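If you want the building blocks of each chain, they are given just below.
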There are 2 protein chains.
Amino acid sequence: MQPIKIDLLINSRWIIPVVPEDSVFENCALAIDQKSIVGIYPQAEAATRFAPASVVDLADHILMPGLVNAHGHAAMSLLRGFADDLPPESWLEEHIWPAESRFLSEKFVRDGTALAIAEMIKTGTTCFADMYFFAEDAAEQIRISGIRSQIGFTVFDFPTAGGKDADDYIHKGLQLRDLYKDNDLIKIACAPHAPYTVGDATLRRIATFANELDMAVHIHCHETAKEVSDSLHLYSCRPLQRLDDLGILLPQTQLVHMTQMDDQDIKLVKDNNCHVVHCPESNMKLASGFCPVAKLLDAGINVAIGTDGAASNNDLDLFGELKTAALLAKVVSGNAAALNAHQAIRMATISGAKALGWQDQIGSLEAGKSADIIAVEINSLSQKPLYNPASQLVYTNSGSQVTHSWVAGRALMSDRQLLTLNEEKLMRMADEWRDQISPDPQP
Amino acid sequence: MQPIKIDLLINSRWIIPVVPEDSVFENCALAIDQKSIVGIYPQAEAATRFAPASVVDLADHILMPGLVNAHGHAAMSLLRGFADDLPPESWLEEHIWPAESRFLSEKFVRDGTALAIAEMIKTGTTCFADMYFFAEDAAEQIRISGIRSQIGFTVFDFPTAGGKDADDYIHKGLQLRDLYKDNDLIKIACAPHAPYTVGDATLRRIATFANELDMAVHIHCHETAKEVSDSLHLYSCRPLQRLDDLGILLPQTQLVHMTQMDDQDIKLVKDNNCHVVHCPESNMKLASGFCPVAKLLDAGINVAIGTDGAASNNDLDLFGELKTAALLAKVVSGNAAALNAHQAIRMATISGAKALGWQDQIGSLEAGKSADIIAVEINSLSQKPLYNPASQLVYTNSGSQVTHSWVAGRALMSDRQLLTLNEEKLMRMADEWRDQISPDPQP
């Protein structure tokens, strides 16, 4: 039999395909052609079956689906470490908002988004959900970089640098959606900022558009106890109940944070088939509270994971986030078996894909899916001895071990070198923003 | 004036001396002579004042005191990732103890301790508190490596591979103490395993020795809620109260874990001037509970930090532990200002030094102190822009950024290369143990 011509064959020591669940293949190869996954084969079989245009050999690596960072504000990477160790109100009102009102611009968004994408590619993310201003400028950087993204256009009921009023935000967002409707790697979602910053009328309109256009809704929700108590005071119900009453709890709704959840909240999320996006490090750093991840998984709710913006994390390393999530789920639930290594890996891959409505394309290494793939080198001193690759990946790993990244078959990083972005130029650019935003760094 | 001859001058972009508190010096130099710190000077002044035998230039680095890892079981690095995501009883009784009973030996301790030391040096630790078996074999590896250590000889009231009974454990430990009494870098401490594994008579004897010999006591305490409720059932008091009644809460007592603390516990620790060693990742991974770090600091209690053994962490990276501690303290106390970056750095340096009774020697870069120093490169994409070096060190950093390490002026690592240990040999040795302990790794 003639060998089948394909674009790329990757031989890897281990492959964690995510589907089937809990499996780790050893000494296998992943075949890729025309942007898509052909299949996984024993290396000896792959060597005779295929005639690949190129071959990558990974002797000490885990090959796995690219990570899905399901919540962040990419451009805020320019405010990384700008204001730390502060109560949330002071952080936001006295530091972040004043800095944004002075410096936020199209260029800020282009530069900050490019910096964030570079960090995300380097640490294993191949798809991210963004929520910020000047979405069209973010989209342009995303397109150039080759990463996959759900871009949420933020909606408020008041003016900001990004828009005049709800009408203006929504109008621009829907225009952007039209512009990118044929792009396979970019989806535009509607991102009402939060229940407490968007009124009933606007939320109802968004629900209508989301239903008609089958558009995802991405919203901060139940981030803090204060948000819940304020809502009880103003609306006589919890924010989630209000969202339900307004018809915005849809199967394509992504509820970000959810640190305050009672049994009725869990039932509402479950009954409406919404997705929860867990941001453990941001929730810890801002002292927001604990998302009850183990309970949500037990209830059958889809839970994805996000880093949030670098201003409240302070990095975009989803492997670090994954370790934190796995550790936190155990101590919060009081069960050391909660969120095991494979569950944590699923949260950062297939569950993220589901949350963004992309589960047919990404999140696992299955034949026919898009070739969104990363390789992670598991060969450092601190990963020895190696009994269990999945455990090592979650508990001893960090994004700095990621060596290769592909999105839809296109290589975005090879041997730790970015291929679509200029790392040195981005670092110089970040230094320039630092000089402009804070000419006298505080020790 | 003639330049003063010194052994070493280190020019560094930033220096965080820890004392004085909250300070960051920029473009300064640290002078070292005869194993000790001479002082910190502006680089231009240092260049004329000193005639150093060697100079190290660190353009993008933070120079700071070496980290103190105040609790661990070094040799257990050979069981890293051997049994994860299990309830504590099953983890210990069905996996760790059976593995130890099969494989624990002098060689296991020598090899595992060497592996752990290599990982600790590489990630910034220059001093660690150990608690395990075959302390004399651990001590030998510690001596060879050049790292600083408090070696706790473990005491149980029952036989293990490490001893027959309490008398035997104590006798061997005191012999070891004699052997190392003139070694500046090694202290021997008494480490009764826990209140629930050591009886009253033995704890009283240990209190006597600790008082007479001014020897530190290192003990697991209030690790889990079950430990406290069992003690209430058996002794009609909480474990900490029992330790106080037995006279073992001394100014040189290091209480490890302390996840279960009521106001009376806090008062007891404070009144007795004991030290608490916080192990956040182990407490999370084993679902043990939350140590109330912010409350302890508010009460004026000295809190150090430890990784615990690699079997329950799963790495020995104290910078990662530090980030987790800073994030966890905020969400547990409900205060985003709790355990700020400088406080976290102190916890891993001067507070660790205090806990081990070594505050006159290490923990800060003060003139006259031992030259126990590390350099951390702060120049990666994920650390840009850089507004605040201390914040970057805690929130965006990991041990993989550590480049240099000195203990008592002796270089243990230079440009990420270990100088006293053979990294490749250690990695091969770890692979051999993996093959022996678990010939068929579980996926």
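What you see is a predicted model, and the numbers here were worked out from it, not measured in a lab.

Caption draft 1: Representation of the pattern of salt bridges in the model. Residue and element names in this part refer to chain A. Considering all chains together, one arrives at 50 salt bridges over all chains under this definition. A salt bridge links Arg-346 to Glu-21, with the shortest nitrogen-to-oxygen separation between them at 3.7 Å. Of this pair, Arg-346 sits in helix H13 (residues 341-347) while Glu-21 sits in the loop between strand E1 (4-15) and strand E2 (25-33); the two residues are 325 residues apart in sequence, bridging distant segments of the chain. Of the charged contacts, one joins Lys-267 and Asp-271 as a salt bridge, the two residues approaching to 2.7 Å between their closest N and O atoms. In this pair, Lys-267 and Asp-271 are both assigned in helix H9 (residues 263-271), four residues apart and thus about one turn of the helix distant.

Caption draft 2: Representation of the nonpolar core. Of all hydrophobic cores here, the largest spans 246 residues; its most connected members are Met-64, Phe-108 and Leu-255 of chain A together with Met-64, Phe-108 and Leu-255 of chain B. The residues contacting Met-64 of chain B, other than those within four sequence positions of it, are Ile-16, Phe-319, Ile-345, Thr-349, Leu-365, Ile-373, Ile-374, Val-376 and Leu-393 of chain B.

Caption draft 3: Main features of unusual backbone geometry. Geometrically, the link from Val-19 of chain A to Pro-20 of chain A is a cis peptide bond, its omega value of 0 degrees lying close to zero. Within the secondary structure, Pro-20 of chain A is located in the loop between E1 and E2. The omega angle of the peptide bond from Lys-384 of chain B to Pro-385 of chain B is -10 degrees, so this bond is cis rather than trans. Locating Pro-385 of chain B in the fold gives a position in the loop between strand E13 (373-377) and helix H15 (389-395).

Caption draft 4: Structural context of the environment of Phe-209 of chain B. For Phe-209 of chain B, the location among the structural elements is in helix H6 (residues 200-213). Look past the residues within four positions of Phe-209 of chain B in its chain and what remains in contact with it is Ile-170, Leu-174, Asp-214 and Met-215 of chain B.

Caption draft 5: Region of the structure containing the interface of chain A and chain B. Taken together, the contact between chain A and chain B spans 70 residues of the former and 70 residues of the latter. It is Asp-85, Leu-381 and Tyr-387 of chain A that lose the most area in chain A upon contact with chain B, and together they represent 18% of the buried surface on that side. The tally of links between chain A and chain B comes to 22 residue pairs in polar contact (both at pLDDT 80 or more). Breaking the side of chain A that touches chain B down by element, the ones donating at least two residues are helix H3 (106-122), helix H10 (280-285), helix H12 (318-333), H13, helix H15 (389-395) and helix H16 (423-437) of chain A. With eight residues, the single largest contributor to the side of chain A that touches chain B is H16 of chain A. Split into classes, the residues belonging to the side of chain A that touches chain B amount to 34 nonpolar, 22 polar and 14 charged.

Caption draft 6: Geometry of the state of the cysteines. All names here are of chain A. On inspection of all chains with the given rule, the structure shows zero disulfides over all chains. With no disulfide of its own, Cys-127 lies closest to Cys-279 among cysteine sulfurs, the gap being 14 Å. You can call Cys-127 buried: its relative accessible area is 0%.

Basis of the calculations
- Residues numbered from 1 in each chain as written.
- Chains lettered and ligands numbered in written order.
- Predicted model: local features only at pLDDT ≥ 70, side-chain atom pairs only at ≥ 80, totals over all residues.
- Heavy atoms only, no water.
- Salt bridge = Lys/Arg side-chain N within 4 Å of Asp/Glu carboxyl O.
- Helix = DSSP H or I, 4+ residues; strand = E, 2+ residues; numbered from the N terminus.
- Core = buried A, V, L, I, M, F, W, Y, C linked by side-chain atoms within 4.5 Å.
- Buried < 20%, exposed > 50% of the residue type's maximum accessible area, 1.4 Å probe, protein only.
- Contact = heavy atoms within 4.5 Å.
- Buried area = accessible area lost by both parts, 1.4 Å probe.
- Polar contact = N/O pair within 3.5 Å; in protein donor to acceptor, adjacent residues only side chain to side chain.
- Nonpolar A, V, L, I, M, F, W, Y, C, P; charged D, E, K, R; others polar.
- Disulfide = S-S within 2.5 Å.

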